[in-house]
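Each chain, written out:
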Amino acid sequence: MTILITGGAGYIGSHTCVELLNSGHDILVLDNFSNSRPESLDRVKELTNKSFKIYKIDLLDKAAVEKVFSENEIEAVIHFAGLKAVGESVEIPVHYYHNNITGTLILIDVMQKYNVFNLVFSSSATVYGIPQQVPISEEFSLSATNPYGRTKLMIEEILNDVYVSNNNWSIALLRYFNPIGAHESGLIGEDPNGLPNNLMPFISQVSIGKLSELKVFGNDYTTPDGTGVRDYIHVVDLAKGHLKALEKIVTFNGVEAYNLGTGKGYSVLEMIDAFEKASGRKVPYVIGPRRPGDIAECFAKPDKAERELGWKAEKGIKDMCIDSWKWQSQNPEGFQTNEHRNKYASTLKS
Ligand code: NAD
Ligand code: UD1
C-alpha cells in the first residue's frame, strides 16, 4: 500500500515509518517540522535502507497538500500531524484549534477529492477526560479537560460526521495511552523541544545530567504509593498497532475507536525505580505538589484492539526503560548532532 504519513518526522510517526517500510509498504511523509527535525527521517532511511519522498509542507496549506495527492497514488493516510503540549494549549488555544482542527479538515477535504477514504487518526486517552473508573474501555463517556484534549475529541466527532455523510470512509481512531521508549537501535527516539512536559523524557534528561532533579507531582493520590499511575506503552508496540489498524480499515467502512495501551499501570516511583535499574544511575527527585489537571490513575482495557485488530503490546517496562536510556545516552542532544551544531556555529561565525 502507498501510505501518506502526516507528522511522520515526529516521535511516534518516525517509529511507524520504520515499521511500515520494514513490512514492505511505500510511504510518503508530510511534515512542517514545527516539532521535529529532518534528521529523524534520515535515521529512518538509515535504519530501513529504504528511500521515500518527504514533503516539507504545512497541513494548513491546502494547495500544497493537494499537490501531494495529485503527484502520488495514495491509498491510505496515517494522520499524526498535530500539536500536543497540554500546558501550551491552555496558553495559545486558538493556535491549537487552528493547527489541529483546521489542518485535519483540510486533509479530509483533499482526501475526499482524491477518493482516498482510508484513515488512521492519532487520538489520545485524553478523550476520556476524568475517567469514572479504570481500566478504561472504548465505550466510556468522553470529555476534555484542556484545549489539546478538546481538539482530539472534536476531531473524533468530526470524523464520525464525515462517515455519516459519506459511507465510503474507513476510519480508525487510535487512542494512545502513554508512549515511551525508543527504537532498539537507539537511532530514533523522543526529542522534545525545551523542558520536557512528560515523565519519561524528564527522567531521561535527569539521568544524563541535563536536568538536576525530577519533581514528582504529588504523592497523596489514592494509589498504592500515592503517586500517579499511568499505562506506559513502548513506542514500537504502538507503531505496530498502526499497521494492524491499516489492515483492519481496508476490510470495513465505518469509524472504530481502539485503545492502544498495555492494560497495566505503573506509578511514578515505580518508573523511577525501573529507569534506575535500566541505566545504572540514580534519578534524584523531590516530591512536589500535584500538577493541575492530573488524574490519579489511567490505564487501558486493551481487549478490543486484541480481539479486532489482532494487536497486543509485547514489550514490558524494562524494555521501555532500556530503550529510552539507549536513545538518550547515544543522543544526549537529541537529533541535533555534533555535525549540525558545528555547521550552525560556523554559520554564526561567518
Ligand atoms: P510529535 O510532535 O513528535 O509529532 C507530530 C509531528 O507533526 C511533528 O513532526 C510536527 O512537526 C508535525 N506537525 C504539527 N503540526 C503540523 C502541521 N500543521 N503541518 C504539518 N506537520 C505538522 O508528536 P508525537 O508524540 O509523535 O505525536 C503524534 C500524534 O499523536 C499527535 O497528534 C499527538 O497529539 C498524538 N498523541 C501523542 C501522544 C504522546 O504522548 N506522544 C499521546 C497521545 C496522542
Ligand atoms: C500527559 C498529558 C495528556 C497526554 C499524555 C500522553 C498533561 C496534563 N496531560 O498526561 O494529555 O495524553 O501526557 O502524552 O500534560 N509526572 C511527574 N513529574 C514530571 C512529569 C510527570 O511526577 O515532571 C507524573 C504525572 O503527574 C503523571 C505521570 O508522571 O502522574 C505521567 O505524566 P505525563 O508523562 O505528563 O503523562 P500524563 O499525565 O498521563
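What comes next is a walk through the structure. (Residues numbered from 1 in each chain as written. Chains lettered and ligands numbered in written order. Predicted model: local features only at pLDDT ≥ 70, side-chain atom pairs only at ≥ 80, totals over all residues. Heavy atoms only, no water.)

### Structural notes on the site of ligand 1
Right, so step 1: Close to ligand 1 lie 27 residues, the nearest being Ile12, Asp31, Asn35, Ser36 and Lys84.
Right, so step 2: In the environment of ligand 1, a nitrogen atom lies 3.0 Å from a nitrogen or oxygen atom belonging to the side chain of Asp58.
Right, so step 3: Contact with the protein chains removes 95% of the 820 Å² of surface that ligand 1 exposes when unbound.
Right, so step 4: Where the shell around ligand 1 is concerned, the elements lending two or more residues are helix H1 (11-22), strand E2 (26-31), strand E5 (118-124) and helix H6 (147-165).
Right, so step 5: In terms of residue count, E5 provides more of the shell around ligand 1 than any other element does, 3 residues in total.
Right, so step 6: Here the shell around ligand 1 is built from residues that sort into 12 nonpolar, 11 polar and 4 charged. (Near = heavy atom within 4 Å. Polar contact = N/O pair within 3.5 Å; in protein donor to acceptor, adjacent residues only side chain to side chain. Areas by Shrake-Rupley, 256 points an atom, 1.4 Å probe, with all protein chains shown as cover. Helix = DSSP H or I, 4+ residues; strand = E, 2+ residues; numbered from the N terminus. Nonpolar A, V, L, I, M, F, W, Y, C, P; charged D, E, K, R; others polar.)

### Describing the pattern of salt bridges
Right, so step 1: Going through the model one piece at a time under the given rule, you end up with 13 salt bridges.
Right, so step 2: The partner of Lys113 in a salt bridge is Glu66, and the shortest N-O contact between them spans 2.9 Å. Placement of the pair is Lys113 in helix H5 (residues 93-113) and Glu66 in helix H3 (residues 62-71), with a sequence separation of 47 residues.
Right, so step 3: Exposure remark for Lys113: the relative accessible area of 54% places this residue in the exposed category.
Right, so step 4: Glu190 serves as the salt-bridge partner of Lys84, at 3.8 Å between the closest nitrogen and oxygen. Taken together, the positions of Lys84 in the loop between strand E4 (76-79) and helix H4 (86-91) and Glu190 in the loop between strand E7 (178-180) and helix H7 (199-207) put the pair 106 residues apart, joining distant regions of the chain. (Salt bridge = Lys/Arg side-chain N within 4 Å of Asp/Glu carboxyl O. Buried < 20%, exposed > 50% of the residue type's maximum accessible area, 1.4 Å probe, protein only.)

### Structural notes on the sheet that holds strand E12 (residues 266-267)
Right, so step 1: The mixed open sheet is built from 3 strands, whose spatial order is E12-E9-E14. Only two strands of the sheet have a single neighbouring strand rather than two, namely E12 and strand E14 (297-298).
Right, so step 2: Judged from the 2 bridges that link them, strand E9 (residues 229-230) and E12 form a sheet pairing that is antiparallel. Looking at the pairing, Arg230 lines up with Tyr266 of E12. (Pairing = 2+ DSSP bridges.)

### Some details on the site of ligand 2
Right, so step 1: In the region of ligand 2, 17 residues are neighbours, and Lys215, Phe217, Arg230, Arg291 and Asp294 sit closest.
Right, so step 2: Note that an oxygen atom of ligand 2 is positioned 3.1 Å from one of the side-chain N or O atoms of Ser124.
Right, so step 3: Separating an oxygen atom of ligand 2 from a side-chain N or O atom of Arg230 is a distance of 2.7 Å.
Right, so step 4: Protein coverage of the free-state accessible area of ligand 2, which is 730 Å², stands at 87%.
Right, so step 5: The greatest single-element share of the shell around ligand 2, amounting to 4 residues, is contributed by strand E8 (residues 214-217).
Right, so step 6: Taken together, the residues that form the shell around ligand 2 break down as 7 nonpolar, 6 polar and 4 charged.

### Some points on empty space enclosed by the protein
Right, so step 1: Scanning all chains against the criterion turns up 1 cavity of 30 Å³ or more.
Right, so step 2: Empty space within the largest cavity amounts to approximately 90 Å³.
Right, so step 3: Taken together, the elements giving at least two residues each to the lining of the largest cavity come down to H7 and helix H11 (317-330).
Right, so step 4: Ranked by residue count, the leading element in the lining of the largest cavity is H7, at 4 residues.
Right, so step 5: Broken down by class, the residue content of the lining of the largest cavity amounts to 7 nonpolar, 5 polar and 1 charged. (1 Å grid on protein atoms, 1.4 Å probe; cavity = no way out; pocket = protein on both sides within 12 Å on 5 of 7 lines; lining within 4 Å. Points joined across faces, edges and corners; volume = space filled by probe spheres on them.)

### What to know about the packing of H1 against helix H2 (residues 38-48)
Right, so step 1: One can describe the packing of H1 onto H2 by two numbers: an axis separation of 10 Å at closest approach and a directional angle of 25°. Between H1 and H2, the crossing angle belongs to the class labelled roughly parallel. With respect to the hand of their crossing, H1 and H2 are arranged in right-handed fashion. Of the residues in H2, those in contact with Ser14, Cys17, Val18, Leu21 and Asn22 of H1 are Ser40, Val44, Leu47 and Thr48.
Right, so step 2: Residue composition of the contact of H1 with H2, by class: 5 nonpolar, 4 polar and no charged. (Axes fitted to C-alpha atoms, helices over the stretch in contact; angles between N-to-C directions. Parallel < 35°, antiparallel > 145°, perpendicular 65-115°, else oblique. Left-handed = near helix turned anticlockwise from the far one by under 90°. Contact = heavy atoms within 4.5 Å.)

### Quick notes on the packing of aromatic side chains
Right, so step 1: For the structure shown, the criterion picks out 4 aromatic pairs.
Right, so step 2: Between Phe69 and Tyr114, the ring centres sit 6.0 Å apart and the planes meet at 40°, which makes this aromatic pair tilted. Taken together, the residues span a long stretch of sequence, with Phe69 in helix H3 and Tyr114 in the loop between H5 and E5 at a distance of 45 residues.
Right, so step 3: Using a relative accessible area of 3% as the deciding quantity, one classes Phe69 as buried.
Right, so step 4: With relative accessibility at 30%, the residue Tyr114 sits in the partly exposed group. (Phe/Tyr/Trp six-rings, centres within 6.5 Å; stacked < 30°, edge-to-face > 60°.)

### As for the pairing of strand E6 (residues 170-176)
Right, so step 1: Among the 7 residues in E6, 7 count as buried, and that is most of the element.
Right, so step 2: Summarising the sheet, E5 and E6 pair through 7 bridges and their orientation is parallel. When the sheet's bridge partners are listed, Phe121 is paired in E6 with Leu173.
Right, so step 3: Following the backbone out of E5, through H6 and into the adjacent parallel E6, one traces a crossover that is right-handed.
Right, so step 4: Pairing of E6 with strand E11 (residues 254-260) involves 7 bridges; the strand directions are parallel. Among the inter-strand pairings, Leu174 is bridged to a residue of E11, identified as Tyr258. (Right-handed = clockwise from strand over helix to strand, strands pointing away.)

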